[in-house]
Amino acid sequence: MSRAIPRTYWVAGAAVLLALLFAAAATVAAANGGSAAAPAPAPRTPGLHSADAGFARDMAVHHQQAVEMSFIVRDRTQDEAVRTLAYDIANTQANQRGMMLGWLDLWGLPKVVADEPPMSWMGTSGGHGGGDGQAGHGGQAGHGPAKPGALMPGMATKEELEQLGTASGRDAEVLFLQLMTDHHKGGVTMAEGCAQLCATPVERNLAQGMVDAQRSELALMADMLKQRGATPRG
């Protein structure tokens, strides 16, 4: 049975759209060196282990799983509200992921660093500049541990993804909403970290947009779970 999408959903969508539009405009402005009347000084390139680079790498991975879960549930239910939410999460987070990977290319930094623990950048209050930014490497702060079998807090395990892929109807809807609720909570923590620690203004603004949009979607998903006689898991 299809259910109407609450107004909260449209608020979340508007926040995401505004964040993406602002980030794109700011990126173009940065590439052009600011306004023609008053050129801005060239921005400093983030270091390998800076919060800027670490957030871009980790959130790209985090977003990729959200896209994967959204595509899975799309084929496991015919519920219009869940399918619409899944489509928009996939579309938004795929676009944001592309922006973050593009920044890493622009900065001349790798998308994967073999010796970098996930979310280690959250232990820094700096690390931005032309060097390696080692101040943020190796620590983890401001978030709970990932559950066994998950790469980062909020991420689903392989077994949970397999369970989602075999569920159908209401069972698939509830499991998706519960998994995505956990996923968003982890994502909000990471984005809040970048909003505080990242030195690149356009990245900080995108991170804050993620916080606002995902908090709205958390409220929406709580309502959708309640409609199905279920609750978030944790």
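This report concerns the structure included in the present document. Sequence order sets the numbering: in each chain, residues are counted from 1 along the sequence as written. In keeping with the model being predicted, local features are shown solely for residues with a pLDDT of at least 70 and side-chain atom pairs are shown and tallied solely at 80 or more, while totals for entire chains, interfaces and linings include all residues. Side-chain measures were taken over the full set of non-hydrogen atoms in the model, leaving aside hydrogen atoms and water.

## Re empty space enclosed by the protein
In this approach a probe as big as a water molecule rolls over the atoms, and the regions it shows empty are the leftover space.
Step number 1: A 1.4 Å probe that fits into a set of points on a 1 Å grid over the protein atoms alone but cannot get out defines a cavity; an open set with protein on both sides within 12 Å along at least five of seven lines defines a pocket, and lining residues are those with an atom within 4 Å of a point. Grid points are joined across faces, edges and corners, and a volume is the space filled by probe spheres set on the points. What the rule picks out here adds up to two cavities of 30 Å³ or more.
Step number 2: Space inside the second largest cavity adds up to approximately 30 Å³.
Step number 3: Lining the second largest cavity are Ser 70, Phe 71, Arg 74, Arg 83, Ala 86, Tyr 87 and Ala 90.
Step number 4: Helix and strand assignments come from DSSP, with helices taken as H or I runs of at least 4 residues and strands as E runs of at least 2, each series counted from the N terminus. Broken down by secondary-structure element, the contributors of at least two residues to the lining of the second largest cavity are helix H2 (51-74) and helix H3 (80-107).
Step number 5: Considering every element that reaches the lining of the second largest cavity, the biggest residue donor is H3, with four residues.
Step number 6: Gly falls in the polar group here, along with every residue not listed as nonpolar (Ala, Val, Leu, Ile, Met, Phe, Trp, Tyr, Cys, Pro) or charged (Asp, Glu, Lys, Arg). When the residues that make up the lining of the second largest cavity are grouped by side-chain class, the tally is four nonpolar, one polar and two charged.

## Let's talk about the environment of Ala 213
Step number 1: The topology assignment puts Ala 213 in helix H6 (residues 201-227).
Step number 2: Accessibility expressed as a relative area gives 2% for Ala 213, which makes it buried.
Step number 3: Taking the C-alpha atoms as reference, Ala 213 lies 9.3 Å from Val 188; in sequence the two are 25 residues apart. Per-residue accessibility, obtained with a 1.4 Å probe over protein chains only, is compared with the maximum for each type, and a residue is labelled buried under 20%, exposed over 50%, and partly exposed between these values.

## Topic: the pattern of salt bridges
Step number 1: Think of a salt bridge as a Lys or Arg side-chain nitrogen and an Asp or Glu carboxyl oxygen that are within 4 Å of each other. A complete count under the given rule lists 10 salt bridges for this structure.
Step number 2: Across the pair Asp 105 and Lys 111 runs a salt bridge, and its minimum N-O distance is 2.5 Å.
Step number 3: On the accessibility criterion, Lys 111 (38% relative accessible area) is partly exposed.
Step number 4: A salt bridge links Asp 182 to Arg 233, with the shortest nitrogen-to-oxygen separation between them at 2.7 Å. Of this pair, Asp 182 sits in helix H5 (residues 169-197) while Arg 233 sits in the segment after H6, and the two are 51 residues apart along the sequence.
Step number 5: Accessibility expressed as a relative area gives 16% for Asp 182, which makes it buried.
Step number 6: Salt bridges sharing partners connect three or more residues here, namely Lys 147, Glu 160, Asp 182 and Arg 233.

## Let's talk about H2
Given 3.6 residues to a turn, an α-helix orients residues that are three or four positions apart in the same direction.
Step number 1: Each residue after the first adds 1.5 Å to the expected span of a helix. Between its terminal C-alpha atoms H2 stretches 34 Å, which fits the 34 Å expected from 24 residues at 1.5 Å a residue.
Step number 2: Counting buried positions over the 24 residues of H2 gives 19, a clear majority of the element.

Just geometry here; none of it tells us what the structure is for.
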